[in-house]
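Secondary and tertiary structure notes
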Amino acid sequence: MVDERNAVQETAQEQEIDLVAQFFKYLFYWKWFVASIIICCALAFIYLRYQTPVYEISSSVLIKEDDKKGPSASGPLSSIQDLGMLSMSSNFDNEVEILHSRTLVKKVVKDLNLYIDLAEPRFFGFAKPLYKKNPLRVYMAPQEADLLESAVHLELTYETSGKLKVSAEYEQDKEEKKLEQSFDKLPAVLPTSVGVITVSLGDTTEINKETIRLNATISNLTATAMDYVKNMTIAPSSKTTTIAKVSIKNSSKDRGVDFINSLVANYNRDANDEKNEVAQKTAEFIQERIGIINRELGSTESRLANFKQKSGLTDLTSDAQLALQESSKYEQQRTENATQIRLVKFLNNYINDPANKDEVLPANVGLKDPSLTSVIDQYNTMIIERKRLLRTSSESNPAVIHINTGIEAMCRNVRTTVNSVLKGLEIAQADIARQANKFETRISNAPKQEKEFMSISRQQEIQATLYIMLLQKREENAITLASTANNGRIIEEPMAGVAPVAPKKAIIMLGALILGLALPVGGIFIYDLTRYKIESKEDIEALTKVPVIGELPKSQSKPVEGAIMIRENNNDLMEETFRNFRTNLLFMLGKEEKVVLFSSTMPGEGKSFVTGNLAVSLAYLGKKVLVMGLDIRKPGLNKVFNVSKHAKGITDYMVDPEHQDLFALIQHSDLSANLDIMVGGTIPPNPTELVARDVLVEAIERLKAHYDYILLDTAPIAMVTDTSIISRVADMGVYVCRADVTPKYDFKFINTLNENKKFGKLAVVINGLDLTKRKYGYGKHYGYGYGYGYEK
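A short tour of the structure in this document, coming up. All residue numbers here refer to positions counted from 1 along the written sequence of the relevant chain. Whole-chain, interface and lining totals are the exception, using all residues; otherwise, since this is a predicted model, local features are given only for residues with pLDDT of at least 70 and side-chain atom pairs are given and counted only at 80 or more. Excluded from the side-chain calculations are hydrogens and water; all other atoms, namely the structure's heavy atoms, are used.

1. With respect to the environment of leucine 471
Here is the rule we go by: Secondary structure counts use DSSP, requiring at least four H or I residues in a row for a helix and at least two E residues in a row for a strand, with both numbered from the N terminus.
Mapping leucine 471 onto the fold places it in helix H13 (residues 448-482). Considering only alpha carbons, one finds leucine 471 and arginine 289, 182 residues apart in sequence, at a separation of 10.0 Å.

Pasting the structure below:
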């Protein structure tokens, strides 16, 4: 448990260190963040300046639901409703969909000319929308506007002298067209290939400048209606009421208010037209019947007058009076029966007329059969509901298909009922005729003229009764038309909000601030991903587990000699970093371990520089040090200590050890009495075979007896095998890499050396650090620029 707790604490500490490191890494680029935030916020400000404010105009509308119970609440239609196949009620959801329909909105757009927008451009900011109080009025016929492929853009320049200049841009057959024309006075008519545009004076009180510049946009009528539908929301205020909350987003408050008012007005007009359709059809039917009966009644009355005049009839005989009185009640029944038969036949002809298909049937025309009246009411209700559904959907809608099926069934039901009623009336007519014949035999001896008079009088009475009844029904139907109430009522007047709902300035500015922070973070992150060269100790630690024992900075200071930057008794940054390197190296070396090999991945990483300056630092510590140049292919130690490249060295001894004195090849440094140098010497033709000889091992053993430490400057170990062979004489290997030079991929070769145990001990030194790129470290304490000018 203790070990687990310690592990958790170490992990938390590492995470904290990583977070701090990340913070300082990004803090180093604080100028980027400040510039990015300023630029993003400035762009957001400019964007907001050119965005037209949008306001939300809202209102509450009470939608009345008609009581459509009565006859239609029972019978076959009620059964269909109970099965869920059809909904004939004027429910709230359907009315909301009608209010939100494109067809209704298109009527509003057409009535208010909302497909034409006028705006006044400004130098810095959005164009100011104009509505109602416009200095100029632009017009195009709705029929032409509805055929536009794209919007027509107009630039109007009007002078108070009356001159007008118009520049128009529009598209026809996917081809951009431009048109410019000037007018000396208004109104001006601009004919184009897409329609005729008229410009006239508007509200002259708005003309307060010598020159007025306006931008006008004429959009497609249907497209404009679709835009208003998208910007409009209609929702119930609660689940228990039929009050709808209507809101519209628009750049003009007055335009939004007018839109809602016109929307409700058009909705009421359409609803009233639907309600009055049955009554209007009934009125047409009654008026047609009245005309026919009027003509028949006039003809019968003329026949009766002519007959009386011709026959000289005055009164019935007394002996036929009693029989006539007895048969009068049957005659009355016959009259009523004949009236009903004629009405039923009229209705049957109306139903069978193809021109009246899918139209409502005349109702309330005097039919006394309750079943027939009920069936007609149900059929009319279904026809009205079908038309209502077709206003917001198509024939393929499941609800329309279902109601079509119900209408066909109901139509057959109406025909069946009409035939049944007609047969019943004809049977009753036969019965009445039989009863009347009993009394007619009693007056069979009456004069023939009197019998003809009775026949004509009976026809006159039937026609007069039917005529009076139709006049009465016409008046009743007129009352029904006059008493139609609106379906929707505004209970809260449309009102616009004080503050615009778009653009959302606070959110946009916050987004700009976040973007201003995110862009530098993303840029730095991508930059880190694209870095393929080692830049810091953290990069090395991410690539290998080999410890880093030294971080050597750049310096622009003048070297003491050659490439030696270390000065005795000096506490500058370079001296301090090498002292730290020296301390770490000595800590890793054992008591009897003296030979340290220096190598790198490739040339130019500064291994000779590191070897020479570390040797000087160890010499200043009082240690007897020999620095030996074993990069015999491309010697670099000569430049570090300003030694002649022709000087003899270790290769001369290894070639002929019997005739060369090893110690005679050692040169004493002027920098310190404790520092000796043995350069590489003559470049041999077979360097690999030369360093593989045992003479190198013997030489190192002899030298170890005279020196505290021997530093070997070797060739890049990743490029040649010389260094791997020389590693057998070294107690420790120091792998030198250079910041901004050593590729990360190539540096991974150190892991191969570590895994293969090429060295007993292995460490890394990073050379050439540019502390101006670092977020923390020596630069804060010493205030020096980093680096050195020498490269190796």
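2. Description of the sheet that holds strand S1 (residues 55-63)
Filter applied, for reference: At least two bridges found by DSSP between two strands are what make those strands a pair. The convention used is that axes are lines fitted to C-alpha atoms, helices contributing only their stretch in contact, and that angles between N-to-C directions extend from 0 to 180 degrees. Contacts are assigned to residue pairs that have any heavy atoms within 4.5 Å of one another.
Within the open sheet, the 4 strands sit side by side as S11-S12-S1-S13. Their pairing is antiparallel. The strands lining the two open edges of the sheet, one partner per strand, are strand S11 (232-236) and strand S13 (488-496). Pairwise comparison of adjacent strand axes, ignoring direction, gives a mean angle of 20 degrees for this sheet. Contacting S1, S11, strand S12 (243-250) and S13, helix H8 (residues 253-275) crosses the sheet at an angle of about 170 degrees to S13.

3. A short note on helix H16 (residues 573-588)
Because each turn of an α-helix spans 3.6 residues, side chains separated by three or four positions end up pointing in the same direction. Quick note on the threshold: Multiplying one less than the number of residues by 1.5 Å gives the expected span of a helix. Each residue is assigned to one of three classes by its accessible area relative to the maximum for its type, calculated with a 1.4 Å probe on protein chains only: buried under 20%, partly exposed between the two thresholds, exposed over 50%.
Here H16 contains 16 residues, and its C-alpha end-to-end distance of 23 Å stays within 8% of the 22 Å for a straight helix at 1.5 Å per residue. Turning to H16, its buried residues are Leu573, Met574, Glu575, Thr577, Phe578, Phe581, Arg582 and Leu585.

4. A look at the side chain of asparagine 348
Within the secondary structure layout, asparagine 348 lies in helix H10 (residues 318-352). If we ignore the near neighbours within four places in the chain, the residues touching asparagine 348 are Val418 and Asn419.

5. Brief notes about unusual backbone geometry
Across the junction of leucine 186 and proline 187, the peptide omega takes the value 0 degrees, indicating a cis bond. By secondary structure assignment, the location of proline 187 is in the loop between strand S7 (175-183) and strand S8 (188-192). Cis geometry is found at the peptide bond from alanine 502 to proline 503, where omega equals -5 degrees. In this structure, proline 503 sits in the loop between S13 and helix H14 (505-530). Of note, the phi angle at lysine 132 is positive, near 70 degrees, even though the residue is not glycine. Along the chain, the position of lysine 132 falls in the loop between strand S3 (128-130) and strand S4 (136-139). The exposure class assigned to lysine 132 is partly exposed, which follows from its relative accessible area of 48%. Of note, aspartate 173 is a non-glycine position whose phi angle comes to about 55 degrees, a positive value. The residue aspartate 173 is located in the loop between strand S6 (164-172) and S7 in this model.

6. Topic: the sheet that holds S8
Judged by pairing direction, the sheet is antiparallel, and its 3 strands sit side by side in the order S4-S9-S8 without closing on themselves. Whereas interior strands pair on both sides, the edge strands pair on one side only; in this sheet they are S4 and S8. Averaged over all pairs of adjacent strands, the angle between their axes in this sheet comes to 15 degrees, without regard to strand direction. By the bridge criterion, 4 bridges tie S4 to strand S9 (residues 195-201) in an arrangement that is antiparallel.

7. Regarding a positive patch on the surface
The line we're drawing: Excluding any residue in a salt bridge, patches collect residues exceeding 30% relative accessible area, merging like charges within 9 Å and nonpolar Val, Leu, Ile, Met, Phe, Trp and Tyr side chains within 5 Å. Using a 1.4 Å probe, the Shrake-Rupley method yields the accessible areas, and only the shown protein chains count as cover for residues. A pairing counts as a salt bridge when a side-chain nitrogen of Lys or Arg comes within 4 Å of a carboxyl oxygen of Asp or Glu. Only four residue types enter the tally: Lys and Arg on the positive side, Asp and Glu on the negative side, with His and both chain ends excluded. Where a charge lies is defined by one atom per residue type: Lys uses NZ, Arg uses CZ, Asp uses CG and Glu uses CD.
On the surface, a cluster of positive charge is contributed by Arg49, Arg122, Lys128 and Lys505. Along the polypeptide, arginine 49 turns up in helix H2 (residues 30-49). When its relative accessible area of 32% is taken as the criterion, arginine 49 is described as partly exposed.

8. Topic: the packing of aromatic side chains
Two measures describe an aromatic ring pair: the distance that separates the ring centres and the angle between the ring planes. Put simply, the test is: A pair of Phe, Tyr and Trp rings is counted when the ring centres sit within 6.5 Å of each other, with Trp represented by its six-membered ring. The angle between the planes then sorts it: under 30 degrees is stacked, over 60 is edge-to-face, the rest tilted.
Throughout the structure, instances matching the rule amount to 10 aromatic pairs. Between the aromatic rings of phenylalanine 45 and phenylalanine 124, the centroid separation amounts to 6.5 Å while the plane-to-plane angle is 40 degrees, which identifies the pairing as tilted. With a gap of 79 residues between them, phenylalanine 45 in helix H2 and phenylalanine 124 in the loop between strand S2 (116-120) and S3 connect regions that are remote in the sequence. Judged by relative accessible area, phenylalanine 45 falls into the partly exposed class, the value being 47%. Measuring from ring centre to ring centre gives 5.7 Å for tyrosine 50 and phenylalanine 124, while their planes differ by 90 degrees; the resulting arrangement is edge-to-face.

9. With respect to the environment of methionine 509
In this structure, methionine 509 sits in helix H14. By relative accessible area, which is 30% here, methionine 509 ends up partly exposed. Through-space distance from the C-alpha of methionine 509 to that of leucine 48 is 9.2 Å; in sequence the pair is 461 residues apart. Here methionine 509 is in contact with Cys41, Ala44, Phe45 and Leu48, once residues within four sequence places are set aside.

10. Some words on the pairing of S11
As paired strands, S11 and S12 are joined by 5 bridges and run antiparallel to one another. Each bridged residue has a counterpart across the sheet, and for proline 236 the counterpart in S12 is alanine 244. The hairpin formed by S11 and S12 contains 6 residues between the paired strands.

11. Considerations on a nonpolar patch on the surface
On the surface, a nonpolar cluster with roughly 780 Å² of combined accessible area is contributed by Ile39, Leu43, Phe45, Ile46, Tyr50, Phe123 and Phe124. Along the polypeptide, phenylalanine 123 turns up in the loop between S2 and S3. Looking at phenylalanine 123, the relative accessible area reads 83%, which means it is exposed.

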